Amino acid sequence: MKKILKIVTVVGARPQFIKAAAVSRAFAEFNKQSDDVCFEEQIVHTGQHYDENMSKVFFDQLKIPHPSVNLEVGSGSHGRQSGLMLEKIESILLENKPDWTLIYGDTNSTLAAALAAVKIHIPVAHVESGLRSFNRRMPEEINRVVADHISEKLLCPTDTAVENLANEGITKGVHQVGDVMYDSVLFNMTLAEQSSTIMDQLGLKEKSFYLATIHRAENTDDKDRMDGILNALSQIDMPILLPIHPRTKNTLGAEIDKLGSRIKIIDPVSYLDMLILEKNSRVILTDSGGVQKEAYWANVPCVTLRDETEWTELVTAGCNRVVGSDTSAIMDAVEKAENEAAQGFACDVSDLYGDGHSADKIATVLGEQGD
Ligand code: UD1
Ligand code: UDP
């Protein structure tokens, strides 16, 4: 008889769907191979992201098991959004009594699930544990610090993340498993190349455009920062494709029409389309966490529109420039990135993010509990 291990996975935001897809696949694979343990995973969607192109498209395309429930919490202030989630997740956990609550990253969905679980003594496993920006004004930094301090299994993507935890006195339950987003890129790139038509749809040619994403609250909610970034984008002498996050679309409003014809704004794209756009772009400008690493995996120079990053290894290795929102600092970095692109950019730091089997390692770490 196999021991059943019940997992409640809580996700709510775009990058979490992508990460959870890799781990759900690994659970299914583990179940086929283990004689001792069988994972029974239930996915709870908080409803933090709800537009079709911010949610459903990822479940469909990445074949993520259908959520057993969507809490439909929607948008709101931090307190309201997290509070509603907390109450609803607690009921689900009390009803299901899982062996583990599995959480991802640093969103309000992450924090709410961690808090709900720990208070009723259900252990928490945190994927992408140990990342730090050391900027406590970022809501994500608060979410990840709290989540890490109340998690029992801390599943770290990098050595730096392990060190960050050690510096906060956390050494028990820490596992360096690598980055599940790397698993995801390796698994999905061929599929993307076979199925995506985005380049033709948009009339784009390989290495003839820059790709930009902006959604970080510290940028969208600060007019000076947004102005600095948009000024830079409008000065860049190259077509720029900007799949726009709904937060940014709301902030910009009518300003969108004044950005000039070289900046093409489109709705958020699917993950497979995004991988293709990243791979074919010349330079990537972003304030996203995930996109910084995807730029590296796609071998495209990255300019990060933030004052700091959690993924410091890429900066040290010279693959990524962190420049903030100042127009001239951005333009300076873009010039350097453009030169690198022209000369054939190559940035390869071996073993930074694991071997593409991070999700398997996560399944093994959690599965060992059942032995
Ligand atoms: C959240 C995470 C952030 C992560 C990002 C991934 C927090 C605090 N932030 O930021 O760490 O990088 O997700 O994309 O959890 N909206 C829609 N439709 C949607 C979703 C959002 O219109 O489907 C709009 C709403 O106006 C909402 C705003 O976007 O108020 C912000 O959404 P929210 O989920 O609060 O934060 P994100 O900026 O998406
Ligand atoms: N992404 C996507 N479509 C888009 C923009 C981003 O599929 O239009 C993917 C991107 O490839 C990466 C993830 O979303 O895998 C990053 O999510 P986001 O930037 O929203 O959040 P962050 O990583 O900053 O938390």
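Definitions and cut-offs
Per chain, residues are indexed from 1 in the order of the written sequence. By the order in which they are written, chains take letters starting at A while ligands take numbers starting at 1. For a predicted model such as this one, the threshold for reporting local features is a pLDDT of at least 70, and the threshold for listing and counting side-chain atom pairs is 80 or more; totals across whole chains, interfaces and linings nevertheless cover every residue. Side-chain measures here rest on the full set of heavy atoms in the structure, leaving out hydrogens and waters. When two rings of Phe, Tyr or Trp (its six-membered ring) have centres within 6.5 Å they constitute a pair, described as stacked for plane angles under 30 degrees, edge-to-face for angles over 60, and tilted for the intermediate range. Under the scheme used here, helices are H or I runs from DSSP no shorter than 4 residues and strands are E runs no shorter than 2 residues, and both carry numbers assigned from the N terminus. Each residue is assigned to one of three classes by its accessible area relative to the maximum for its type, calculated with a 1.4 Å probe on protein chains only: buried under 20%, partly exposed between the two thresholds, exposed over 50%. Whether a charge sits over a ring depends on NZ of Lys or CZ of Arg being within 6 Å of the ring centre and within 35 degrees of the ring normal. Any residue with a heavy atom lying within 4 Å of a molecule or strand is counted as near it. In the analysis that follows, any N or O atom pair within 3.5 Å is treated as a polar contact, provided that within protein one partner can donate a hydrogen and the other can accept it, and provided that, for residues neighboring in sequence, both atoms belong to side chains. A 1.4 Å probe and the Shrake-Rupley method give the accessible areas. Residues count as covered only by the protein chains that appear here. Each residue receives one of three labels: charged for Asp, Glu, Lys and Arg, nonpolar for Ala, Val, Leu, Ile, Met, Phe, Trp, Tyr, Cys and Pro, and polar for the others, Gly being one of them. Note on terminology: disulfide denotes any pair of cysteine sulfur atoms within 2.5 Å. By nonpolar core is meant a set of buried Ala, Val, Leu, Ile, Met, Phe, Trp, Tyr and Cys residues that side-chain atoms within 4.5 Å join together. Should any heavy atoms of two residues lie within 4.5 Å, those residues are considered in contact. Two strands are said to pair when DSSP picks up at least two bridges between them. Only C-alpha atoms enter the line fits that serve as axes; for helices the fit covers just the stretch in contact. Angles between N-to-C directions range over 0 to 180 degrees.

Q: Break down the packing of aromatic side chains for me, with residues and values.
A: Tallied over the full model, the rule gives eight aromatic pairs. Taken together, a centroid distance of 4.9 Å and an interplanar angle of 55 degrees make the contact between phenylalanine 17 and phenylalanine 59 tilted. With phenylalanine 17 in helix H1 (residues 14-33) and phenylalanine 59 in helix H2 (residues 56-61), the pair connects residues that are 42 residues apart, well separated along the chain. Side by side, phenylalanine 17 and phenylalanine 59 carry an identical accessibility label, which is buried. Aromatic pair tyrosine 182 and tryptophan 297: ring centres 5.2 Å apart, planes at 25 degrees, arrangement stacked. One end of the pair, tyrosine 182, is in helix H7 (residues 180-195); the other, tryptophan 297, is in helix H13 (residues 289-297), with 115 residues separating them in the sequence. What makes tyrosine 182 partly exposed here is its relative accessible area of 21%. The class for tryptophan 297 is buried, based on a relative accessible area of 18%. Site record: aromatic cluster; members linked through ring pairs are Tyr182, Tyr296, Trp297, Trp311 and Tyr353. Here the basic side chain of lysine 293 rests over the ring of tryptophan 311, its NZ or CZ set 3.7 Å away from the ring centre.

Q: Which residues make up the site of ligand 2, and what are the values?
A: Of all residues adjacent to ligand 2, which total 19 residues, the nearest are Arg216, Val269, Ser288, Gly289 and Glu294. At 2.7 Å from an oxygen atom of ligand 2 is found a side-chain nitrogen or oxygen belonging to arginine 216. Serine 288 is positioned such that a nitrogen or oxygen atom in its side chain is 2.7 Å from an oxygen atom of ligand 2. For ligand 2, whose unbound accessible area comes to 540 Å², protein coverage reaches 95%. Residue assignment for the shell around ligand 2 shows that the elements contributing at least two residues are H1, helix H12 (271-280) and H13. Counting residues per element, the shell around ligand 2 draws most heavily on H13, which supplies four residues. Class assignment of the residues belonging to the shell around ligand 2 gives a composition of 10 nonpolar, five polar and four charged.

Q: Describe the state of the cysteines, and please don't skip the residues or the numbers.
A: Taken as a whole and judged by the stated rule, the model has one disulfide. Disulfide partner of cysteine 319: cysteine 347, at an S-S distance of 2.0 Å. On the S-S bond that ties cysteine 319 to cysteine 347, the torsion sits near -70 degrees, and the link is left-handed. Of the two residues, cysteine 319 sits in the loop between helix H14 (312-316) and strand E13 (320-322) while cysteine 347 sits in the loop between helix H15 (327-343) and helix H16 (358-368), which places them 28 residues apart along the sequence. Taken individually, cysteine 319 and cysteine 347 each receive the classification buried, so the pair is uniform in this respect.

Q: Could you give an account of the nonpolar core, with specific residues and numbers?
A: In this structure, Leu102, Leu277 and Leu366 are the most contacted members of the largest nonpolar core, which totals 72 residues. Top element by residues in this core is H1. It accounts for nine residues. Discounting residues that sit within four places of it in the chain, leucine 277 has contacts with Ile198, Met199, Leu202, Leu204, Phe209, Leu211, Leu241 and Val269. In this structure, Tyr210, Ile240, Ile263 and Ile330 belong to the second largest nonpolar core, which totals 27 residues.

Q: Residues and numbers for the site of ligand 1, please.
A: In the vicinity of ligand 1, 20 residues are found, and the nearest of them are His49, Tyr50, Glu140, His215 and Arg247. Within the side chain of arginine 247, one N or O atom sits 2.5 Å away from an oxygen atom of ligand 1. When ligand 1 is considered free in solution it has 750 Å² of accessible area, and contact with the protein chains removes 88% of it. Looking at the shell around ligand 1, the elements that each hand over two or more residues are helix H3 (78-96) and helix H11 (246-252). Take the shell around ligand 1: its biggest share by element is three residues, from H11. Residues of the shell around ligand 1, tallied by class, amount to five nonpolar, 10 polar and five charged.

Q: Outline unusual backbone geometry, supporting the account with residue identities and numerical values.
A: Working note: non-glycine residues mostly have negative phi, and peptide bonds are mostly trans. One non-glycine residue with positive phi stands out, namely lysine 63, at about 50 degrees. For lysine 63, the position within the fold is in the loop between H2 and strand E3 (69-70). Residues other than glycine seldom take positive phi values, yet glutamate 128 does so here, at roughly 80 degrees. With respect to the secondary-structure elements, glutamate 128 resides in the loop between strand E5 (124-127) and helix H5 (139-149). Taking relative accessible area as the criterion, glutamate 128 reaches 11% and is therefore assigned buried.

Q: Can you lay out the sheet that holds strand E12 (residues 302-304) for me, pointing to particular residues and giving the numbers?
A: One open sheet accounts for six strands, arranged E10-E9-E8-E11-E12-E13; its pairing is parallel. Of all the strands in the sheet, the pair left with one neighbour each is strand E10 (263-266) and E13. Strand-to-strand twist across the sheet, computed as the mean angle between neighbouring axes with direction ignored, equals 20 degrees. For strand E8 (residues 210-213) and strand E11 (residues 283-286), the ladder comprises four bridges, and the chain directions are parallel. Looking at E11, one finds that leucine 211 is bridged to isoleucine 284.

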